[in-house]
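# Coordinate inspection notes
Residues per chain, in single letters:
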Amino acid sequence: MMPSGKPTDQMNRRGLLLSVAASGLVAACGGGGGGSSGGGGGGSSSSSSSSSSSASSSSSSSSSSLPDPATAPSLKTQFASHFKIGFAVDPWLTSQSPTHDLLLKHASTITAESVMKANPIGVSAGVYDFTQADALIAFAQANGINVRGHALVWHQTSPSWFFDGDRSDMTAYKALVRSRLETYVTDVVTHFKGKVYCWDVVNEVTSDDASATYRNSDWYQIFGSDFIDYAFRAARAADPSVKLFINEYSTEDAAKRGRLMTIVQGMLDRGVPVDGVGHQMHINTGYPSAAQVEAALSDVEAKGLINHVTEMDVSIYNDSGSCYSGTGCLPALTPGTAAFNTAMTTQAQKYRELFNVFTAHTSVQAVTMWGVADNHTWLDNYPVARKNYPLLFDAAGGPKAAFWAIVDPGFTP
Ligand code: 9MR
């Protein structure tokens, strides 16, 4: 049941596996190619109705009963004094139930799950398709929601035309590819100037294992680390006020974070205009600890940079490292069973302990969940096809124990 993986996906999974094995940690983390586009259907998506009936079916009631959904506070109001809060979403979902109403009530920021990456936008050199991205921006602007830009340079979504050319003359070839990169970054940042408040300029450039500092991507193989500088400098020149981020997964792992901090310090030393670090936070109910996340935020603060939590979800499966190369994944949990209810409880506790860390750090200026409700999550297809329930709202849009745990300190999950 492994999803069909592109070579890059497999490299990424292998990298993760090495990382997990080396650290002895078990992490659910980013990078796989997911790509479900159909809403995922966890079977229980009952109707729309208003927000009053309780978390119906479903999917997410823990053994203890949950408060009346009608009393759920708005997350954007609840956390307004700390950080923007929001969700990843693509335009086709914004009109659907329960996504639409949840976004309007709770989101002060959204991120494009797919449509602002270079593979939909960069059709060919100098040719762009902004249709879907502009639709998301229009939705955000119509509803007073801010937009994070994601992501200008990511090895998994860099179209092959960037790398076309004759490599027999590497000096000329590098000049050509550099010019394509700088033109792309300049044009895209210019297009969205004033419409996004920050950009993930580069995504996942850190090596997963100790044998290297940088990921050995196509970009790195051509330029070494210079492509990072080119991208950040072009972005800054195109928009002097947008905040520029380096985004990464497993930042809570001290060894990987050490490599990321080496990269960041090098950028600072060279005067590369980086404003912040994005922590993806694809985690699970058993990992990481509050102390590990605390350390990740503190290391970034020590560099004088902003923290964003950019892609948070809490998988209910604490898989071993081997699952990420396709074996040994835990079986799917069934809603309503004792094991499922326990997972909902531990998930709520993990959300609470980490939100307590986030709110304690003024450097944390935005927290984004990688999805809105459990009816649509990339984790239904990664690391294997298996229904997951990683978000704050159940498939019907009802607030889960995890939601109540972060908004109500008196709530017992
Ligand atoms: O969740 C996203 C999935 O729907 C897309 O198909 C995929 C490729 O665009 O990207 C996924 O989001 C990734 C994010 O952009 C970067 N970190 C890892 C996320 C999950 O793979």
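Structural data are supplied above this passage.
Residues numbered from 1 in each chain as written. Predicted model: local features only at pLDDT ≥ 70, side-chain atom pairs only at ≥ 80, totals over all residues. Heavy atoms only, no water.

Mapped onto the fold, Trp370 is located in the loop between strand E11 (364-369) and helix H13 (401-407). In sequence terms Trp370 and Met281 are 89 residues apart; their C-alpha atoms lie 9.1 Å from each other. (Helix = DSSP H or I, 4+ residues; strand = E, 2+ residues; numbered from the N terminus.)

So, on to the pairing of strand E2 (residues 109-112). The two faces of E2 match: Thr109 and Thr111 on one face and Ile110 and Ala112 on the other face are all buried. Where strand E1 (residues 84-89) meets E2, 4 bridges bridge the pair, whose relative direction is parallel. Bridge pairing links Ala88 to Thr111 in E2. Judged from the 3 bridges that link them, E2 and strand E5 (residues 146-154) form a sheet pairing that is parallel. If you follow Ile110 over to E5, its bridge partner there is Val147. (Buried < 20%, exposed > 50% of the residue type's maximum accessible area, 1.4 Å probe, protein only. Pairing = 2+ DSSP bridges.)

Tallying each qualifying case throughout the model produces 23 aromatic pairs. On the basis of an interplanar angle of 25° and a centroid distance of 4.1 Å, the ring pair of Trp161 and Phe162 is categorised as stacked. With a relative accessible area of 11%, Trp161 lands in the buried category. Between Phe340 and Tyr389 the ring centres are 4.9 Å apart and the planes differ by 85°, which places this aromatic pair in the edge-to-face class. Here Phe340 is found in helix H12 (residues 338-359), whereas its partner Tyr389 is found in the loop between E11 and H13, with 49 residues between them in sequence. Classification of Phe340 as buried rests on a relative accessible area of 0%. (Phe/Tyr/Trp six-rings, centres within 6.5 Å; stacked < 30°, edge-to-face > 60°.)

Moving on, we come to the side chain of Arg180. Tracing the chain through its elements places Arg180 in helix H7 (residues 170-191). This buried residue, Arg180, is left without a salt bridge; Asp164 holds the nearest opposite charge, at 5.6 Å. Reaching out from Arg180, the side chain makes a polar contact with the backbone oxygen of Phe162 at a distance of 2.9 Å. Those residues in contact with Arg180 that sit more than four places away from it in its chain are Trp161, Phe162, Phe163 and Asp164. (Lys, Arg positive; Asp, Glu negative; His and termini not counted. Salt bridge = Lys/Arg side-chain N within 4 Å of Asp/Glu carboxyl O. Polar contact = N/O pair within 3.5 Å; in protein donor to acceptor, adjacent residues only side chain to side chain. Contact = heavy atoms within 4.5 Å.)

Where charged atoms of side chains with opposite charge meet at close range, the side chains can pair. Using the criterion set out here, one finds 12 salt bridges in the structure. As a salt-bridge pair, Lys256 and Glu248 come within 3.1 Å of each other at their nearest N and O atoms. For Lys387, the salt bridge identified is with Asp380, shortest N-O distance 2.9 Å. Residue class for Asp380 comes out buried when judged on its relative accessible area of 10%.

Attention now moves to the nonpolar core. Nonpolar side chains tend toward joint burial in soluble globular proteins. By size, the foremost hydrophobic cluster in this structure holds 98 residues, and its most contacted members are Trp199, Ile246, Met312, Phe355 and Phe358. When residues in this core are grouped by element, the largest group, 8 residues, is from helix H9 (residues 226-238). Excluding anything up to four places from it in sequence, Trp199 contacts Met116, Gly149, His150, Ala151, Leu152, Val188, Val189, Phe192, Val242, Lys243, Leu244 and Phe245. Within the second largest apolar cluster, 7 residues are counted, among which are Cys323, Tyr324, Trp378 and Tyr382. (Core = buried A, V, L, I, M, F, W, Y, C linked by side-chain atoms within 4.5 Å.)

In this section: the environment of Asn203. By the secondary structure assignment, Asn203 is in strand E6 (residues 198-203). Classification of Asn203 by relative accessible area gives buried; the value is 1%. When the C-alpha positions of Asn203 and His155 are compared, they lie 7.9 Å apart, and in sequence the two are 48 residues distant.

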